[in-house]
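Spelled out from the first residue to the last, the chains are:
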Amino acid sequence: MRLAVAGATGRTGSEVVAEARDRDHAVVALSRDPDEGEHDLADLDAALDAADALVDFTVPEATPDHAAAAADAGVPYVVGTTGLDDEAEAALDAAAGTVPVLAASNFAKGVQALLRVVRAGVEALPEYDAELTETHHDGKRDAPSGTAVSLLDAIDEARGEALDRTYGREGDHLREAAEVGVHVRRAGTVRGEHEVLLAGDDEVLTLTHRAESRRVFAAGAVDAAERLADREAGRYDFTDVL
Ligand SMILES: NC(=O)C1=CN([C@@H]2O[C@H](COP(=O)(O)OP(=O)(O)OC[C@H]3O[C@@H](n4cnc5c(N)ncnc54)[C@H](O)[C@@H]3O)[C@@H](O)[C@H]2O)C=CC1
Ligand SMILES: O=C(O)C1=N[C@H](C(=O)O)C[C@H](O)C1
């Protein structure tokens, strides 16, 4: 395959480039400030002419342009960027009218399993208090993480109600039953840790995923690009191609 990668010099995009090359894919590494072996992201349209998929790990404000370029070129679009706003989501929906579009907040297979396990845990223990803690490196922009938002949505789904999301606590703040605490930590080079805690009387269940390398996200994203190639236009989840 020929994979175009936006954000190719970034923390995650560079791992996607390495993973794709390890699988003998031809890579068009796109950067805003290209160095040797990279292509100018400003020439995205030209780069997509010969591409079989576009994989994007950049910033939410770039998503609408990248989605539109993929749609114009008829190229499947795999996006891992998190913190997407309504405009970006609308752009994904629009592109999905023309090409397959797969957006995932986390391309680690273990996180997809965690989502299932969390749903099962909350369904089994609906009256237990749920609290979520996520930890990431000090360069992460969005908080809470995209994965944390997916986990919170999964908790709501399993509870059958939208819990109040309480972002940290201070002062006089007694916990409400319909509340889920959300705790965000940013420190060092932590690749990504997510923990859901379910606590009732005299017992605590903790469900945790820890990414130990960004290669796990890259591998999932390249899997997605490979498996999206022969799909029809539309929106896909990572679970659709696992
Ligand atoms: N879905 C998943 O599995 C994962 C998602 N992510 C998400 O991917 C995104 C990138 O994360 P990192 O690689 O840590 O970031 P990074 O800051 O290391 O890399 C971002 C890349 O985007 C480029 N960029 C910045 N502004 C841009 C713009 N306006 N237009 C085009 N390119 C631009 C930068 O030059 C850089 O190459 C974040 O939203 C992060 O949350 C990260 C890891 C896994
Ligand atoms: O920015 C990161 O690093 C990560 N972002 C994703 C998120 O926001 O959930 C996935 C992973 O946790 C790493």
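None of these values were measured; they are calculated from a predicted model. (Residues numbered from 1 in each chain as written. Chains lettered and ligands numbered in written order. Predicted model: local features only at pLDDT ≥ 70, side-chain atom pairs only at ≥ 80, totals over all residues. Heavy atoms only, no water.)

Trainee: Can you walk me through the sheet that holds strand S7 (residues 129–136) in this structure?
Mentor: Sheet strands pair via backbone hydrogen bonds, and the direction of the pair is either parallel or antiparallel. Strand order in the open sheet made by the five strands is S8-S9-S7-S10-S11, with mixed pairing throughout. At either end of the open sheet lies a strand with only one pairing partner, and these are strand S8 (164–167) and strand S11 (203–210). Neighbour to neighbour, the strand axes of the sheet diverge by 20° on average, direction disregarded. In this sheet, strand S9 (residues 179–186) lies alongside S8 in parallel orientation, the contact comprising four bridges. Paired with Tyr-167 across the bridge in S9 is Val-182. Against the sheet, helix H5 (residues 109–124) touches strand S10 (193–200) and S11, its axis set at about 165° to S11. (Pairing = 2+ DSSP bridges. Helix = DSSP H or I, 4+ residues; strand = E, 2+ residues; numbered from the N terminus. Axes fitted to C-alpha atoms, helices over the stretch in contact; angles between N-to-C directions. Contact = heavy atoms within 4.5 Å.)

Trainee: Looking at this structure, how should I read the pattern of salt bridges?
Mentor: Close approach of charged atoms lets side chains of opposite charge pair. Counted under the stated rule, the structure contains 20 salt bridges. For Glu-19, the salt bridge identified is with Arg-23, shortest N-O distance 2.9 Å. When its relative accessible area of 25% is taken as the criterion, Arg-23 is described as partly exposed. Note that Glu-131 is salt-bridged to Arg-169, the shortest N-O span being 2.7 Å. On the criterion of sequence distance, the pair formed by Glu-131 in strand S7 and Arg-169 in the loop between S8 and S9 is long-range, its members being 38 residues apart. For Glu-131, a relative accessible area of 13% translates into the label buried. (Salt bridge = Lys/Arg side-chain N within 4 Å of Asp/Glu carboxyl O. Buried < 20%, exposed > 50% of the residue type's maximum accessible area, 1.4 Å probe, protein only.)

Trainee: Sorry if this is basic, but what is going on with unusual backbone geometry here?
Mentor: Peptide bonds are trans in most cases, and residues, glycine excluded, mostly fall at negative phi. Along the chain, Ala-143 connects to Pro-144 via a cis peptide bond; the corresponding omega equals -5°. Mapped onto the elements, Pro-144 comes out in the loop between S7 and helix H6 (146–159). The phi dihedral of Asp-24 falls on the positive side, at around 65°, and the residue is not glycine. Mapping Asp-24 onto the fold places it in the loop between helix H1 (13–22) and strand S2 (26–31).

Trainee: What exactly am I supposed to notice about the site of ligand 1 here?
Mentor: Residues in close proximity to ligand 1 total 21 residues, the closest being Arg-11, Thr-12, Thr-82, Phe-107 and Lys-140. One of the side-chain N or O atoms of Thr-12 is found 2.9 Å from an oxygen atom in ligand 1. Side-chain polar atom of Lys-140 to an oxygen atom of ligand 1: 2.8 Å apart, as the coordinates give it. For ligand 1, whose accessible area on its own is 860 Å², the fraction buried by protein is 79%. (Near = heavy atom within 4 Å. Polar contact = N/O pair within 3.5 Å; in protein donor to acceptor, adjacent residues only side chain to side chain. Areas by Shrake-Rupley, 256 points an atom, 1.4 Å probe, with all protein chains shown as cover.)

Trainee: Can you walk me through helix H4 (residues 86–95) in this structure?
Mentor: Within an α-helix, residues lying three or four positions from one another point in the same direction, as the helix has 3.6 residues per turn. Taken residue by residue, H4 has Ala-88, Ala-91, Leu-92 and Ala-95 as its buried positions. The buried side chains of H4 occupy one side of the element, clustering within an arc of 100° when seen end-on. Counted as exposed and oriented over 90 degrees from the buried face of H4: Asp-86 and Ala-94. In this fold, the buried residues of H4 make contact with helix H3 (63–73), strand S5 (77–79), strand S6 (100–103) and strand S12 (234–236). (Arc of directions from axis to C-beta.)

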